[in-house]
Amino acid sequence: MSASSDVGFHAQRQARWHYGEAAFWLVVLACGFLFPSRYLIMTDILRLALFAMSLDLILGYAGIVSLGHAAFFGVGAYAAGLLALHGIINEPVLALIAAGLAAMVLGFAASFLVIRGVDLTRLMVTLGIALLLEALAERFSNITGGTDGLQGIDMQPILGQIPFDMFGKAGFFYSLAVLFVLFLLARRIVHSPFGLSLRAIKNNPLRAAAIGIPVNRRLIAIYTVAAFYAGIAGALFTQTTAIASLDVFAFERSADLMLVLVIGGTGYLYGGLIGAVIFRILQEVFSTITPQYWQFWIGLVLVVIVLVGRQRLHYGVLYLPNLLIKQIGGRKAIVTVPESDA
Amino acid sequence: MTIALETRNLEKTFGGLRVTRDLSLRIAQGARHALIGPNGAGKTTVINQLTGVLKPNSGRILLEGQDITDLPVHRRVLRGLSRTFQINQLYADLTPLETIGLAVSERLGHGGDWWRRMGTRSDVNGEIADLLTRFHLLDVMNEQTVTLPYGKQRLLEIAVAIAAKPRVLLLDEPAAGVPESERHDILAVVGSLPRDVTVLLIEHDMDLVFSFADRISVLVSGALLTEGPPDQVARDPQVKAVYLGEEAVNV
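Owing to the predicted nature of the structure, the values given are computational and were not obtained by experimental measurement.

Colleague: Help me get a handle on the overall build of chain A, residues and values and all.
Modeller: Helix and strand counts for chain A stand at 15 helices and zero strands. Across the 342 residues in chain A, those meeting the buried criterion constitute 49%. Residue pairs in contact within chain A that sit at least 24 positions apart in sequence constitute 77% of those at least 6 positions apart.

What follows is the structure, encoded as structure tokens:
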């Protein structure tokens, strides 16, 4: 093999599908048939996974921290709700895309504020935007329904064919399809020169600029894309639950997302998916054992993850997930507090 | 004589400190020009202004006759001005293959391509392979940069700058910190740069400066002390005085 084709072969190493990845998606699909009584929680996990994947795009690849990612989730949720409620776009898939685009426009506008600062500034700016939107949604209650939220949303059948059923089966497979399509798109993006340039910017913005990368333009682009993803996640929330209330903007929603990525790891796309599963399962388990204090136990688990550190956890508790990660991602997982892996 | 890179009355102050004083440099096309001076003379500050990391307080910078003073860093790179860093500025998590691949992609205008996968363009692959071979990095192309020995990282540092196919290359102490055993590779690489690339070398190592440069500018306290061919600079009593006690100048 010549050096050139050798280079081409190795350059695509990450982009090639691994057996582990195919297995992962097959297991997810199988869950849809194995646990017919659990569609609601599983749909919830899929939404959270998509939302977390959105944050992973900016945090894991471009190194942009955010404590206000719910802003885009919320805009997508309300957009989808309003579109359906007023019968503007009745078909769910089209409405989903429209809602994503609405969040995307906001993301594009917000990105100019976000690229100005570094980590702490970014945390505050993103947090501020989300709080701002929450307050606005409450203030303009004639549009948003205020604290009551949007009620009486009647979802039309998907593609005019498949109605949402009361067990959530259609909602689950619909969400899974959306997640998978957007995952494929994200996978494409992160293995492109554009995606690689984001990792370069995260690693060393000074050098990134010194090889001709327009750093700000790339950050604006990925932030906008991530906002689209978050908006879609929000729209899925409204479409599958038929409600949209102020808590879509809630700080807890943004903060939970960070926790999901702390658990699942960043920068290999599956972190959000695996993290979402573990996070929700932990939440379920703890809230069954101690309904009042489940947050205490979640908090404890996170403190342990952060304190014990990735190195020791890799060999201990996280041995299995990491084995999975290596199989799926073909690279070492970064399981740590996002702020400290700069 | 065509001038590749020029500064006109460059001034830079940090607070009350004048770190670049009325500096006018002219670097000829194809020159091997060295910028030397004692520690704290402001050499790296000059490089940072040339590349756009720092903005001068006043004065202009011209690349091949065109004013680039107000251009951002990445635009200067696309115009043909590239640099290496005194302290390695690499991507710790990326491999040499990815690092160089990215630089080549950016130069060929594929950097914003978000659909086509890395490694599927044969022109890019060819250039990457060529650079990896020239810089002795082919055997470690899939290793994470952070795990490479220092000498290899230093080679990668230079390779990345070359990948941008510069017409003017700024080398900021290319051999700094490289162990004796690996110095030879670096010097060979620097020595074998094509003649049509103009090189501005910033260096402490006088052996390297005098073996490489055909013209030397001496910077002291941010101002130009003297400039000329190596033998003239070496004989200059002012230069000797500046370097006395720090490092002897041998020809």
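From this point on, the discussion continues.
Colleague: Provide a residue-level description of the packing of helix α3 (residues 39-61) of chain A against helix α8 (residues 169-190) of chain A, including the pertinent values.
Modeller: Residue and element names in this part refer to chain A. Between α3 and α8, whose axes approach to 9 Å, the crossing angle comes to 15°. Taken together, the axis directions place α3 and α8 in an arrangement best described as roughly parallel. As α3 packs across α8, the resulting crossing turns out to be left-handed. Residues Tyr-39, Met-42, Thr-43, Leu-46, Arg-47, Ala-49, Leu-50, Met-53, Leu-57 and Tyr-61 of α3 form the contact with α8, whose participating residues are Lys-169, Gly-171, Phe-172, Ser-175, Leu-176, Leu-179, Leu-182, Phe-183, Ala-186 and Val-190. Here the contact of α3 with α8 is built from residues that sort into 15 nonpolar, three polar and two charged.

Colleague: So what's going on with the packing of helix α4 (residues 70-85) of chain A against helix α5 (residues 92-114) of chain A? Which residues, and what values?
Modeller: Residues and elements named next belong to chain A. Here α4 crosses α5 at 140°, and the two axes come no closer than 8 Å. One finds that α4 runs oblique with respect to α5. In this structure, the crossing between α4 and α5 has a hand that is right-handed. Touching Ala-71, Phe-72, Val-75, Gly-76, Ala-79, Ala-80, Leu-83 and Ala-84 of α4 are Ala-95, Leu-96, Ala-98, Ala-99, Gly-100, Ala-102, Ala-103, Leu-106 and Gly-107, all from α5. Broken down by class, the residue content of the contact of α4 with α5 amounts to 14 nonpolar, three polar and no charged.

Colleague: Break down the pairing of strand β11 (residues 223-228) of chain B for me, citing the residues and quoting the values.
Modeller: Residues and elements named next belong to chain B. Alignment of strand β10 (residues 215-220) against β11, held across five bridges, turns out to be antiparallel. Bridge pairing in β11 places Val-218 opposite Thr-226. What sits between β10 and β11 in their antiparallel hairpin is a turn of two residues, with Ser-221 showing a positive phi close to 50°.

Colleague: Which residues make up the sheet that holds strand β7 (residues 81-83) of chain B, and what are the values?
Modeller: Residues and elements named next belong to chain B. Reading across from one edge, β7-β8-β9-β4-β10-β11 is the order of the six strands in this open sheet, with mixed pairing throughout. Edge strands, defined here as strands with exactly one partner in the open sheet, are β7 and β11. Across this sheet, the average inter-strand angle for adjacent strands is 20°, counted without regard to direction. Pairing analysis gives four bridges linking strand β4 (residues 32-36) to strand β9 (residues 198-202), with the strands arranged parallel. Along β9, the bridge assignment pairs His-33 with Leu-200.

Colleague: Go over the interface of chain A and chain B with me, naming the residues and quoting the values.
Modeller: Facing 30 residues of chain A, the contacting portion of chain B comprises 42 residues. For the side of chain A that touches chain B, the secondary-structure elements that each account for two or more residues are α1 (3-11), α8, α9 (193-203) and α10 (205-210) of chain A. Ranked by residue count, the leading element in the side of chain A that touches chain B is α9(A), at eight residues. Considered class by class, the residues forming the side of chain A that touches chain B number 15 nonpolar, eleven polar and four charged.

Colleague: Break down unusual backbone geometry for me, citing the residues and quoting the values.
Modeller: All names here are of chain B. Not every positive phi belongs to a glycine, and His-136 is a case in point at roughly 55°. Within the secondary structure, His-136 sits in the loop between α4 (122-134) and α5 (150-163). Of note in the backbone geometry, Glu-173 takes a positive phi value of approximately 45° without being a glycine. Following the sequence through the fold, Glu-173 ends up in the loop between β8 (168-172) and α6 (180-191). Looking at Glu-173, the number of C-beta atoms within 10 Å reads 19, which means it is partly exposed.

Definitions and cut-offs
Residues numbered from 1 in each chain as written. Chains lettered and ligands numbered in written order. Predicted model: local features only at pLDDT ≥ 70, side-chain atom pairs only at ≥ 80, totals over all residues. Helix = DSSP H or I, 4+ residues; strand = E, 2+ residues; numbered from the N terminus. Buried ≥ 20, exposed ≤ 12 C-beta atoms within 10 Å, placed from the backbone. Contact = placed C-beta atoms within 7 Å. Axes fitted to C-alpha atoms, helices over the stretch in contact; angles between N-to-C directions. Parallel < 35°, antiparallel > 145°, perpendicular 65-115°, else oblique. Left-handed = near helix turned anticlockwise from the far one by under 90°. Nonpolar A, V, L, I, M, F, W, Y, C, P; charged D, E, K, R; others polar. Pairing = 2+ DSSP bridges.

It is worth stressing that arrangement in space is one thing and function is another; only the former is reported here.
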